[in-house]
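# Fold and geometry: a report
Spelled out, the chains give:
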Amino acid sequence: MKIFKIITPVFFLIMISCTAQNKSNNFDAINYEAQTRGSMVKINVDSNKVHYKTYENEGTYELSQDQLEKLNNLVSELNLKEIKDLKAPSKNSATDRALIAKVSFKVKDKEYTSSTFDAGNPPKELKKLENLLFLLAKLKE
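Residues numbered from 1 in each chain as written. Predicted model: local features only at pLDDT ≥ 70, side-chain atom pairs only at ≥ 80, totals over all residues. Heavy atoms only, no water.

### Some words on the overall build of the protein chain
Regarding its fold elements, the protein chain presents three helices and seven strands. Secondary structure elements of the protein chain occur, N-terminal to C-terminal, as α-β-β-β-β-α-β-β-β-α. Looking at the 141 residues of the protein chain, the share that counts as buried comes to 34%. Put simply, 53% of the contacts in the protein chain that link residues at least 6 apart link residues at least 24 apart. A total accessible area of about 9600 Å² is found for the protein chain, and carbon and sulfur atoms account for 53% of it. (Helix = DSSP H or I, 4+ residues; strand = E, 2+ residues; numbered from the N terminus. Buried < 20%, exposed > 50% of the residue type's maximum accessible area, 1.4 Å probe, protein only. Contact = heavy atoms within 4.5 Å. Areas by Shrake-Rupley, 256 points an atom, 1.4 Å probe, with all protein chains shown as cover.)

Okay, structure coming up:
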């Protein structure tokens, strides 16, 4: 009976620890790409860094735990299996009035890529994420 009293709390602590680790790492990488003739923006997030590149500049910034949590929360709100079917609210990229954009997520060993959309006017499900990515990369849309 004594061994049961010792093993039970240890088992629950291990389970809680594993659950907490799974929640803190919703994605392995996020890649945002937007381009048209003469213009390009790439934003990549992996581990705790955001990398950005345009034709004019490039750079890398460290992300705080709070910023990573915001990203994880936004990603967890998305149904990644259905982002390829999201409908873009406009088609200005078809006539070069907007950059054509897409975002992809790497989660464990799977990659999920969105449908294409006009940069700055994504499907409503991706709007908060696009805004946060530009904010983290310190880029203006």
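Having seen it, we continue.
### A few points about the nonpolar core
Counting 33 residues, the largest nonpolar core has Ile30, Tyr32, Ile43, Leu71, Phe105 and Leu129 as the members making the most contacts within it. At six residues, helix α3 (residues 124–136) tops the list of elements feeding residues into this core. (Core = buried A, V, L, I, M, F, W, Y, C linked by side-chain atoms within 4.5 Å.)

### Quick notes on the side chain of Ser104
On the secondary structure map, Ser104 appears in strand β5 (residues 100–107). Since its relative accessible area comes to 9%, Ser104 is described here as buried. Non-local contacts of Ser104, meaning those with residues more than four positions away in its chain, are made with Ala29, Ile30, Asn31, Glu111, Tyr112 and Thr113.

### A word on the environment of Gln35
Within the secondary structure layout, Gln35 lies in strand β1 (residues 29–36). Take Gln35: its relative accessible area is 43%, and that puts it in the partly exposed class. C-alpha of Gln35 to C-alpha of Ala101: the two residues are 66 residues apart in sequence and 6.6 Å apart in space. Contacts of Gln35, omitting those with residues within four sequence positions, involve Met40, Leu99 and Ile100.

### So, the packing of helix α2 (residues 65–77) against α3
In contact at an axis separation of 10 Å, α2 and α3 are set at 160° when each is read in the N-to-C sense. Considering their axes alone, α2 and α3 lie roughly antiparallel with respect to each other. Where α2 crosses over α3, the handedness of that crossing is left-handed. Across from Gln67, Lys70, Leu71 and Leu74 in α2, the residues of α3 making contact are Lys128, Leu129, Leu132, Leu133 and Leu136. Across the contact of α2 with α3, the residue classes tally to six nonpolar, one polar and two charged. (Axes fitted to C-alpha atoms, helices over the stretch in contact; angles between N-to-C directions. Parallel < 35°, antiparallel > 145°, perpendicular 65-115°, else oblique. Left-handed = near helix turned anticlockwise from the far one by under 90°. Nonpolar A, V, L, I, M, F, W, Y, C, P; charged D, E, K, R; others polar.)

### Considerations on the confidence of the model for the protein chain
In this model, the protein chain carries an average pLDDT of 87, and 81% of its residues clear a pLDDT of 70 or more. Under a pLDDT of 50 for its full length, residues 18–25 has, in the predicted model, two contacts with residues more than four places off or in other chains. (pLDDT = per-residue confidence, 0-100.)

### Points about the packing of aromatic side chains
Going through the model one piece at a time under the given rule, you end up with three aromatic pairs. Measuring from ring centre to ring centre gives 5.4 Å for Tyr32 and Phe134, while their planes differ by 80°; the resulting arrangement is edge-to-face. Within this pair, whereas Tyr32 is found in strand β1, its partner Phe134 is found in helix α3, the two being separated by 102 residues in sequence. Taken as a pair, Tyr32 and Phe134 share a single burial class, namely buried. Members of the aromatic cluster, each reached through a chain of ring pairs, are Tyr32, Phe117 and Phe134. (Phe/Tyr/Trp six-rings, centres within 6.5 Å; stacked < 30°, edge-to-face > 60°.)

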